[in-house]
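Geometric and topological summary
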Amino acid sequence: MIIITGGAGFIGSCLQAALAARGLDTVIVDWLGTEGKWRNIAAHPPTRLVTPDELPAFLASLPGAQAVFHMGAISETTARDGDLVWRTNVALSHDLWQWCARTQTRFIYASSAATYGGADRPELFSDDPARLDTLAPLNLYGWSKHVFDRQAIRAAQIGAPCPPQWAGLKFFNVFGPNEYHKSKMISVVKVKYDELRAGGPARLFRSDKPGIADGMQARDFIWVGDVVDMLLWLFDTPSVSGLFNCGTGVARSYLDVAHAVCDALGLPRRVEFIDMPPALRSQYQSYTQADLTRLRAAGYKKAFTPLEDAVTHYVQEYLTTGRLYL
């Protein structure tokens, strides 16, 4: 049995599709809600669906599992309820870690590039555990992920009880099918697609950082299929544990993304710049780029999908075809 928290969400449901294709028994822990999130798993349902409030009793009934993929979290970078974020992103992660350590179940969890805060140079995106104490997340979400990363590293360093394999992946800017329920946290690729299909230009934030031109804010954008490949590699390589970046290692500008969506749609490159909302200015990352040194050293050799290829595939094989879901 494989347990996937957040398994009806974006990355979790894409992972569920891959595990189901292998014929593996899975249990998804998630709320389906009323916004059609069930469609993410319609073509590849799990063996069982457990709601988050049922999780403690469910785990108490089990002697263990093959692995837990902990993808569930409050991921809004604008989240404000500190108590709720702590319970969901830190306390639950800690409880799952303890259960996995006690039952000798492998544990792979979602961290985030938001832990890097205002880092603005490639060398500042190292996932070396020795650098954890230097990071300063800009928002509550990033801080909560950073707290648990530090707890995991600390447990491993002092010899506290740990799962037989544990790995945290710092997801960078992931995009692809099954993200449609994410509301304001949906990828910039999907947002630009919607703007262009509505007949308008692609709208990008003006830069609020000296020395960065409008549209040249840059992020490490990664295709969800590449993320799933990395999760499966960890599952297939139980000897690897640790905290790793999950990005392409290449920063691309928002202007590059907008142009890629225009090109994929066969439309002229039309871009309009708008002011950044005041609420975002103090917590907006104008640059991210994953340092993949430790991931490559751990043995991950697969190449990542180039931005233009991934955007074209997303637009032409999913968004414009009516086949929105995996």
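Residues numbered from 1 in each chain as written. Predicted model: local features only at pLDDT ≥ 70, side-chain atom pairs only at ≥ 80, totals over all residues. Heavy atoms only, no water.

**Points about the packing of aromatic side chains**
As a reminder, the rule being used: Each Phe, Tyr or Trp ring (for Trp, its six-membered ring) is paired with any other whose centre lies within 6.5 Å, and the angle between the two planes then decides the class: stacked below 30 degrees, edge-to-face above 60, tilted in between. Elements are defined by DSSP. Helices are runs of H or I of four residues or more, strands are runs of E of two residues or more, and each kind is numbered from the N terminus. Two conditions define a charge sitting above a ring: the NZ of Lys or the CZ of Arg must be within 6 Å of the ring centre, and it must be within 35 degrees of the ring normal.
A complete count under the given rule lists 20 aromatic pairs for this structure. Plain terms: the ring middles of Tyr109 and Phe148 are 4.9 Å apart, the flat faces sit at 80° to each other, and that makes the pair edge-to-face. In this pair, Tyr109 sits in strand β5 (residues 106-112) while Phe148 sits in helix α4 (residues 140-158), placing the two residues 39 residues apart along the sequence. When the ring centre of Tyr116 is taken as reference, the NZ or CZ atom of Lys170 above it lies at 4.3 Å. A cation sits over an aromatic face here: Arg219 above Tyr284, 5.1 Å from the ring centre.

**A closer look at unusual backbone geometry**
For clarity, the cut-off: Accessibility here uses a 1.4 Å probe with only protein chains present; expressed as a share of the type maximum, an area under 20% marks a residue as buried, one over 50% as exposed, and anything in between as partly exposed.
At Gln104, a position not held by glycine, the phi torsion is positive, near 60°. Along the chain, Gln104 turns up in the loop between α3 (82-103) and β5. You will see that Ser183, though not glycine, has its phi angle at about 55°, which is positive. Position of Ser183 among the secondary structure elements: in the loop between β7 (173-175) and α5 (188-197). Note on Ser183: relative accessible area 57%, which makes it exposed.

**Things to note about helix α10 (residues 307-319)**
Filter applied, for reference: Relevant arc is that of directions from the helix axis to the C-beta atoms, nothing else. Working rule for contacts: check all heavy atoms of both residues, and any pair within 4.5 Å makes them a contact.
Every buried residue belonging to α10 is among Leu307, Ala310, Val311, Tyr314, Val315, Tyr318 and Leu319, and all of these are buried. Viewed end-on, α10 has its buried residues packed into an arc of 125°, placing them on one side of the element. Where α10 is buried, its residues meet β7, α5, β10 (221-223), β12 (252-253) and α7 (254-265).

**A look at the nonpolar core**
Defined as follows: To define a nonpolar core, start from buried Ala, Val, Leu, Ile, Met, Phe, Trp, Tyr and Cys residues and group those joined through side-chain atoms within 4.5 Å.
Ile3, Ile11, Phe69, Phe171 and Leu231 are the most contacted members of the largest nonpolar core, which totals 68 residues. Ranked by the residues each element gives to this core, the list is headed by helix α6 (residues 224-236), at 9 residues. In this structure, Ile11 is in contact with Met71, Phe171, Val174, Val224, Val227 and Leu231, ignoring residues within four places of it in sequence. Core analysis: the next-biggest nonpolar cluster, separate from the first, contains 27 residues, Val189, Tyr193, Leu196 and Cys262 among them.

**Topic: the layout of surface pockets**
Sizing a probe to match a water molecule and rolling it over the atoms shows the empty space that remains. This is how the line gets drawn: Grid spacing is 1 Å over the protein atoms alone, the probe is 1.4 Å, and a cavity is where that probe fits but cannot get out, while a pocket is an open set with protein on both sides within 12 Å along at least five of seven lines and lining residues have an atom within 4 Å of a point. Grid points are joined across faces, edges and corners, and a volume is the space filled by probe spheres set on the points.
Put simply, the second largest pocket is a space of about 170 Å³. Taken together, 14 residues line the second largest pocket, and the ones lying closest to its centre are Gly118, Ala119, Asp120, Lys209 and Ser286.

**Some remarks on the sheet that holds strand β2 (residues 26-29)**
In sheet architecture, strand pairing relies on hydrogen bonds along the backbone and comes in two forms, parallel and antiparallel. Rule in force here: In short, DSSP must find at least two bridges between two strands for them to pair. Angles here are taken between N-to-C directions and fall from 0 to 180 degrees, while the axes themselves are lines fitted to C-alpha atoms, restricted in helices to the stretch in contact.
The 7 strands are arranged β3-β2-β1-β4-β5-β6-β11 in an open sheet whose pairing can be described as parallel. With one partner strand each, in any of the chains shown, β3 (48-50) and β11 (242-246) form the two edges of the open sheet. Each strand of the sheet is rotated relative to its neighbour by a mean of 20°, with strand direction disregarded. By the bridge criterion, 5 bridges tie strand β6 (residues 166-171) to β11 in an arrangement that is parallel. Among the inter-strand pairings, Leu169 is bridged to a residue of β11, identified as Phe244. Contacts between helix α1 (residues 10-21) and the sheet are confined to β1 (2-5), β2, β4 (67-70) and β6, with β1 contributing the most and set at about 160° to the helix.

**A few points about the environment of Phe107**
Mapped onto the secondary structure, Phe107 falls in strand β5. Classification of Phe107 as buried rests on a relative accessible area of 0%. In sequence terms Phe107 and Ile222 are 115 residues apart; their C-alpha atoms lie 23 Å from each other. Excluding residues that lie within four positions of it along the chain, Phe107 makes contacts with Val68, His70, Ser93, Leu96, Trp97, Cys100, Phe148, Pro163, Gln165, Trp166 and Ala167.

**Things to note about the pairing of β4**
The line we're drawing: Handedness of a crossover is defined as follows: with both strands directed away from the viewer, a clockwise route from the first strand across the helix to the second makes it right-handed.
The two faces of β4 match: Ala67 and Phe69 on one face and Val68 and His70 on the other face are all buried. As paired elements, β1 and β4 share 4 bridges and run parallel to each other. Across the sheet, residue Ile4 finds its bridge partner in β4, namely Phe69. Bridge count for β4 against β5 is 4 bridges, and the pairing is parallel. Within β5, the residue paired with Ala67 across the bridge is Arg106. Taken together, β4, α3 and β5 form a β-α-β motif whose crossover is right-handed.

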